[in-house]
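Examining the three-dimensional arrangement
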Amino acid sequence: MGKFDRFCQSCGMPLEKDEGKGGTNQDGTKSSLYCSLCYRDGAFTGSFTSSREMVKFVKGKLKEMGMGPLKRWFYTSHIPRLERWQKK
Ligand SMILES: [Zn+2]
């Protein structure tokens, strides 16, 4: 883990922006991979099965936040390469 990996490996949010300061593992320790919105008590929240679903979801959130199409693309383009979506 380098400092360039400090994004949630599920939704791509910078972990420093995570109000919950990271997801939680089953034993209650903090996850260094996932944010508090994606990962809770050792399990993923939500029912996303593919990076495409996650991209769609995050783009919807960014739109609610008032971001234009270019920014929405920018903040979601790396999601398919995140660790969660590398596994089959
Ligand atoms: Zn996340």
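Provided above is the structure to which this section pertains.
The rules behind these values
- Residues numbered from 1 in each chain as written.
- Predicted model: local features only at pLDDT ≥ 70, side-chain atom pairs only at ≥ 80, totals over all residues.
- Axes fitted to C-alpha atoms, helices over the stretch in contact; angles between N-to-C directions.
- Helix = DSSP H or I, 4+ residues; strand = E, 2+ residues; numbered from the N terminus.
- Parallel < 35°, antiparallel > 145°, perpendicular 65-115°, else oblique.
- Left-handed = near helix turned anticlockwise from the far one by under 90°.
- Contact = placed C-beta atoms within 7 Å.
- Nonpolar A, V, L, I, M, F, W, Y, C, P; charged D, E, K, R; others polar.
- Buried ≥ 20, exposed ≤ 12 C-beta atoms within 10 Å, placed from the backbone.

Right, let's talk about the packing of helix 1 (residues 51-64) against helix 2 (residues 69-76) for a bit. Contact pair helix 1 / helix 2: the axes reach a minimum separation of 9 Å and the direction vectors enclose 140°. Overall, the two elements helix 1 and helix 2 adopt an arrangement that is oblique. The crossing of helix 1 and helix 2 is right-handed. Here Val55, Val58, Lys59, Leu62 and Lys63 of helix 1 come into contact with helix 2, specifically with Lys71, Arg72, Tyr75 and Thr76. Tallied by class, residues from the contact of helix 1 with helix 2 come to four nonpolar, one polar and four charged.

It is worth spelling out unusual backbone geometry at this point. If you check the backbone angles, lysine 21 has positive phi at about 55° while not being a glycine. Assignment of secondary structure puts lysine 21 in the segment before strand 1 (39-40). Given 11 C-beta atoms within 10 Å, lysine 21 falls into the exposed group. The residue aspartate 41 is not glycine, and still its phi comes out positive at about 55°. If you trace the backbone, aspartate 41 turns up in the loop between strand 1 and strand 2 (43-44).

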